[in-house]
Amino acid sequence: MTDQATKIDQDVTTAERIDGKAFAAALRADVAEGAARFQAQAGRQPGLAVVLVGDDPASQVYVKTKMRQAAEAGIASFPHLLPGSTSQAHLLQLIDALNSDDQVDGILVQLPLPAQIEETAVIEAIDPAKDVDGFHPVNVGRLSTGQPALVPCTPLGCLLLLQDRLGDLSGKKAVVVGRSNIVGKPMGQLLLNASCTVTTVHSRTQDLAAECRSADILVVAVGRPEMIDASYIKPGAIVLDVGINRIEMAEGKSRLTGDVDFAAASSVAGAVTPVPGGIGPMTVACLLRNTLSAAQARVAE
Ligand code: GUN
């Protein structure tokens, strides 16, 4: 082989593209089977209340997708679309009503909320048994102590993809980039519960690239477009890209991109999730799975 041919070989994409979209479709089909069994037993469909305050376009798209996919899986959804001027007291009243509504097994309040509403107060008002986002401190505490819990959907989706590819994760070196309550922190807990050696890195971490390069499993959730290039990735690592960033282009056009430079990562990693079509669809599928679990737990009580 000539030197030129060797160089071209090295430049060729090597990583497998992890098809989160297909995996999520299979997961939704499993949920649909479970929802049908639930309906036969309980005489009603599992129910998901979806609350959206305001008219943020990205949130509207997410909420629509959640409700459409719920319907396709045999889960009833109860939309509550409130104006951006809604007061915290009004929202808390609605949550009280949903907590006592027997048709409702899961309550999802789309975040972020408008400035006049305190996110923590809303999350803490949700009955932990209906907290399908897994954000309530009771579920956070259960996850961190290894008890059965409703677990945040995005990290749960990441864990399912990893277990599908690798089986037992025990002893793997996992690095989580980002420390949010929605993704980074619960992701670290889930990986720790799966017996990984876990490091969480963030904007103040010294030599972030070196930390990332030690990872067999790299999960990135920072909201910085294409921040992770080949220099952050250990050869053969599995890279999960949780970021969804919209980049404005010429003539009013835009494109979606992740926190990982997909092409660069593909030249080093063993497998990488794309954006779109990677983790995003897993989040919604896990929301439906959590709703079914919450419904089953409620009727078993
Ligand atoms: N906003 C961004 N991600 C999420 C999520 O997982 N759940 C809710 N409720 N809002 C979000």
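Keep in mind the model is a prediction, meaning the values are calculated, not measured.

About the criteria used
- Residues numbered from 1 in each chain as written.
- Predicted model: local features only at pLDDT ≥ 70, side-chain atom pairs only at ≥ 80, totals over all residues.
- Heavy atoms only, no water.
- Helix = DSSP H or I, 4+ residues; strand = E, 2+ residues; numbered from the N terminus.
- Rg over C-alpha atoms; globule rule 2.2 N^0.38 Å.
- Buried < 20%, exposed > 50% of the residue type's maximum accessible area, 1.4 Å probe, protein only.
- Near = heavy atom within 4 Å.
- Polar contact = N/O pair within 3.5 Å; in protein donor to acceptor, adjacent residues only side chain to side chain.
- Areas by Shrake-Rupley, 256 points an atom, 1.4 Å probe, with all protein chains shown as cover.
- UniProt positions renumbered as here; feature names shortened; annotations may be inferred.
- Core = buried A, V, L, I, M, F, W, Y, C linked by side-chain atoms within 4.5 Å.
- Contact = heavy atoms within 4.5 Å.
- Salt bridge = Lys/Arg side-chain N within 4 Å of Asp/Glu carboxyl O.
- Pairing = 2+ DSSP bridges.
- Right-handed = clockwise from strand over helix to strand, strands pointing away.
- Expected span 1.5 Å × (residues − 1).
- Arc of directions from axis to C-beta.
- Axes fitted to C-alpha atoms, helices over the stretch in contact; angles between N-to-C directions.

Some thoughts on the overall build of the protein chain
And then number 1: Helices and strands together make up the secondary structure of the protein chain, namely 11 helices and 11 strands.
And then number 2: The C-alpha radius of gyration of the protein chain comes to 20 Å, within 12% of the 19 Å expected for a compact globule of 301 residues.
And then number 3: Dimensions along the principal axes, computed over C-alpha positions, put the protein chain at roughly 70 × 45 × 35 Å.
And then number 4: The buried share of the protein chain, taken over its 301 residues, is 46%.

Some details on the site of the ligand
And then number 1: For the ligand, the full set of nearby residues is Leu108, Val109, Gln110, Leu111, Asp133 and Phe135.
And then number 2: For the ligand, a nitrogen atom lies 3.4 Å from a polar atom in the side chain of Gln110.
And then number 3: Isolated, the ligand exposes 270 Å² of accessible area, and the fraction of that covered by the protein chains is 80%.

Focus: the UniProt feature "domain: Tetrahydrofolate dehydrogenase/cyclohydrolase catalytic" (unreviewed entry) in the protein chain
And then number 1: Sites flagged by UniProt as "domain: Tetrahydrofolate dehydrogenase/cyclohydrolase catalytic" (unreviewed entry) map to residues 18–133.
And then number 2: When the span residues 18–133 is considered, its composition is 51% helix and 16% strand, and the gap between its end C-alpha atoms is 24 Å.

Digging into the nonpolar core
And then number 1: Among the nonpolar cores identified, the biggest contains 51 residues, and Leu169, Leu191 and Leu240 are the most heavily contacted of them.
And then number 2: Residue contacts for Leu240: discarding those within four places in its chain leaves Ile18, Cys158, Leu162, Leu218, Val219, Val220, Thr273 and Ile279.

With respect to the pattern of salt bridges
And then number 1: The full count for this structure, using the stated rule, is seven salt bridges.
And then number 2: A salt bridge links Arg68 to Glu72, with the shortest nitrogen-to-oxygen separation between them at 3.7 Å. Of the two residues, Arg68 and Glu72 are both situated in helix H3 (residues 57–72); the distance of four residues between them amounts to about one turn of the helix.
And then number 3: When its relative accessible area of 52% is taken as the criterion, Glu72 is described as exposed.
And then number 4: Taken together, the salt bridges that share partners define one network made up of Arg44, Asp102, Asp105 and Arg298.

Some details on the pairing of strand E3 (residues 76–82)
Remark: a regular strand shows side chains that alternate across the two faces of the sheet.
And then number 1: Sheet topology note: the strand E2 (residues 47–53)/E3 ladder contains seven bridges and is parallel. Within E3, the residue paired with Val50 across the bridge is Pro79.
And then number 2: Remark: the E2/H3/E3 crossover connection has right-handed handedness.

Things to note about helix H4 (residues 88–100)
And then number 1: Taking 1.5 Å per residue, 13 residues should reach 18 Å; H4 reaches 19 Å between its end C-alpha atoms and fits that length.
And then number 2: Looking at H4, one finds that the buried residues are Leu91, Leu94, Ile95, Leu98 and Asn99. Looking straight down H4, one finds that the buried residues subtend no more than 140° of arc, so they occupy a single side. Exposed residues lying more than 90 degrees from the buried face of H4 are Ala89, Gln93, Asp96 and Ser100.
And then number 3: Contacts made by the buried residues of H4 are with E2, E3, strand E4 (106–109) and helix H5 (119–125).

Topic: the sheet that holds strand E11 (residues 271–272)
And then number 1: Taking strand neighbours across the sheet as the criterion, the six strands line up as E1-E11-E8-E7-E5-E6 in an open arrangement whose pairing is parallel. At either end of the open sheet lies a strand with only one pairing partner, and these are strand E1 (16–17) and strand E6 (197–201).
And then number 2: Two strands pair when backbone bridges link them, and strand E5 (residues 173–177) and strand E7 (residues 217–220) are joined in this way by four bridges, in the parallel orientation. What sits directly across from Ala174, in E7, is Ile217.
And then number 3: Of the strands in this sheet, E1, E7, strand E8 (238–241) and E11 touch helix H7 (residues 153–166), which is tilted by about 160° from E8.
And then number 4: Across the sheet, helix H8 (residues 184–193) lies against E5, E6 and E7, angled at about 170° from E5, the strand it touches most.

Let's talk about unusual backbone geometry
And then number 1: The omega angle of the peptide bond from Leu111 to Pro112 is 0°, so this bond is cis rather than trans.
And then number 2: Assignment of secondary structure puts Pro112 in the loop between E4 and H5.
And then number 3: Residues Val275 and Pro276 are joined by a peptide bond in cis, for which omega reads 0°.
And then number 4: At Ser195, a residue that is not glycine, the phi angle is positive and equals roughly 70°.
And then number 5: Here Ser195 lies in the loop between H8 and E6.
And then number 6: By relative accessible area, Ser195 is classed as partly exposed at 43%.

Overview of H3
And then number 1: Between its terminal C-alpha atoms H3 stretches 23 Å, which fits the 22 Å expected from 16 residues at 1.5 Å a residue.
And then number 2: Taken together, the buried positions of H3 are occupied by Ser59, Val63, Lys66, Met67, Gln69 and Ala70.
And then number 3: Among the structural elements, helix H2 (20–42), E2, E3, E4 and helix H11 (279–300) are those in contact with the buried residues of H3.
And then number 4: Gly74 lies just past H3 and shows a positive phi near 80°.

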